[in-house]
Amino acid sequence: MGKWYEEADFYHIYPLGLLGAPRRNEGGEVVHRLRTLTEEWIPWMKEMRFDAVYIGPLFESVGHGYETTDYKLVDRRLGDNEDFKEFVAKSHEAGIRVVVDGVFNHTGREFFAFKDIQEKNWDSPYKNWYKGVNFGGNNCYNDGFSYESWRGCTELVNLNPWEGAVREYLLGVIDFWIEEFDIDGIRLDCADCLELSFLEEMRRRTEAKKQDFWLMGEVIHGDYSRYIGDGTRLIHSVTNYELHKGLYSGHNDHNYFEIAHTIRREFDQGGGLYRGMTLYSFVDNHDVNRICSKLNVKGHLKPVHALLYFLPGIPSIYYGSEFGIEGRTDQGGDDALRPAIDLEQMKEKNPHPELTEWIKTLGGIRKAHLDACAGGAYRELLLTNRQYAFARIGEKETLVVAVNNDEGAAAPVSFPVPGDGIYEDLLTKEKAAAQGGRISLELEPCGCRILIHTRDR
């Protein structure tokens, strides 16, 4: 068996949105919205065959959650620390690991260290906690000093990772999260802004606390291997934005060459940049438009998700997208991507019940065939603009996936497979014989075939 995070199917929750929390934290009483996640959404995740959840941001902030006020206090709009402890415990009982957002590149302006600088200026012991603090300058809040912020968003004040006290404070926060909540991993917000030496320290610290603790970084551009390197010193995985782009545009353009080229570039056994590494795959998240809004042809939801689950990587579904809900930033900003959902109402009025069932089916297949799906080598078998087939070759079995982005049926396609013998269609239970190292399949419009070949038969 491999590591849990390499075999997991993730569900991604943005809790402030899902639970309908107010956009601004005005203080006041704690509202125990997290209990809804514990009571309703854990059973749903289990039913949908997810075995890990990435949830965040969670901790006290003034707005969207990434302008942290207190790293050790659950946001009062969501509940309290006891609510989150209960969520983690119940998730673990259901066989679901819990990964939280770690926002360590910046804090909000209400964070204690920044407020101390506002009050004491040069006399503050925290004046070196942030980048670019200049008491000869000013800012739009008229604090009497200037500072660096994340991408010019002045409410997000960049921490100084070279200040030892900052690093030790943040590592202490991680210790607290593991000890207090028993979390299983952290998704590092803006990981491409964090110093590599800090990531190394974090890896050592977390493995000392919990040997199978997982660190995954948000990295949008550049060389992913810079952060996961040889797999032993830095973090374990990063977000695969390159594949994310290909998965929708390769269908919109009826161009499977884009997706296949991405996979060759990343994972080809003869020279892929990230061969032997495991990246975090997704078709949408809290920062990008919903997959159902990005696809020109809704029928492509079926092959898109088959590729998400069976191409190399760790698949993740963003809450609500299993129902095919829509959302675009040009129709409401980030809030349009982060709506409140009443689970029972959504299930009753599901706009795409066939998609919900398809994702559940894909999760079941992946779990039943982890030898091939999680650990198997990738081999391209067929590639045209509109049809694409590949194998995942494990130690004991081979999974073959063929997809069609044409809105019409594909004539029977013949392509080579790794071995002769019987291949069983996991969807229809039909059997197809491979002869002379080739197999012939029919593909429905926007269709998908998933076949298994067990070598000891």
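Our subject is the structure that appears above.
These numbers come from a predicted model, not from an experiment.

## Side note on the pairing of strand 18 (residues 421-425)
Inference 1: In terms of strand pairing, strand 18 meets strand 19 (residues 431-434) through four bridges, oriented antiparallel. Note on strand 19: the bridge partner recorded for Ile422 is Ala433.
Inference 2: Hairpin connection from strand 18 to strand 19: five residues lie between these consecutive antiparallel strands, with Lys429 at a positive phi of about 70°.
Inference 3: Bridge count between strand 18 and strand 21 (residues 448-454): two bridges; the pairing is antiparallel. Paired with Glu424 across the strands is Ile452, a residue of strand 21.

## Observations regarding the side chain of Ser237
Inference 1: Locating Ser237 in the fold gives a position in strand 11 (residues 237-238).
Inference 2: If near-sequence neighbours (up to four positions away) are discounted, Ser237 is found in contact with Trp214, Leu215, Met216, Gly217, Ile228, Thr278, Leu279, Tyr280 and Ile314.

## Re the sheet that holds strand 5 (residues 97-102)
Inference 1: Strand order in this open sheet of eight strands is 11-10-9-5-2-1-13-12, and the pairing throughout is parallel. One side of each edge strand has no neighbouring strand; the edge strands of this open sheet are strand 11 and strand 12 (280-282).
Inference 2: The sheet contact formed by strand 12 and strand 13 (residues 314-318) spans three bridges and is parallel. Bridged to Phe282 within strand 13 is Ser316.

## A closer look at the packing of helix 9 (residues 241-252) against helix 10 (residues 256-267)
Inference 1: One way to put it is that helix 9 packs onto helix 10 with a least axis distance of 7 Å and a crossing angle of 160°. Judged by the angle between their axes, helix 9 and helix 10 are roughly antiparallel. Here helix 9 runs over helix 10; the crossing is left-handed. Contact with helix 9, carried on its side by Glu242, Leu243, Lys245, Gly246, Leu247, Ser249, Gly250 and His251, involves Tyr256, Glu258, Ile259, Thr262, Ile263, Arg265 and Glu266 of helix 10 and no other residues of that element.
Inference 2: Across the contact of helix 9 with helix 10, the residue classes break down as five nonpolar, five polar and five charged.

Criteria and cut-off values
- Residues numbered from 1 in each chain as written.
- Predicted model: local features only at pLDDT ≥ 70, side-chain atom pairs only at ≥ 80, totals over all residues.
- Heavy atoms only, no water.
- Pairing = 2+ DSSP bridges.
- Helix = DSSP H or I, 4+ residues; strand = E, 2+ residues; numbered from the N terminus.
- Contact = heavy atoms within 4.5 Å.
- Axes fitted to C-alpha atoms, helices over the stretch in contact; angles between N-to-C directions.
- Parallel < 35°, antiparallel > 145°, perpendicular 65-115°, else oblique.
- Left-handed = near helix turned anticlockwise from the far one by under 90°.
- Nonpolar A, V, L, I, M, F, W, Y, C, P; charged D, E, K, R; others polar.

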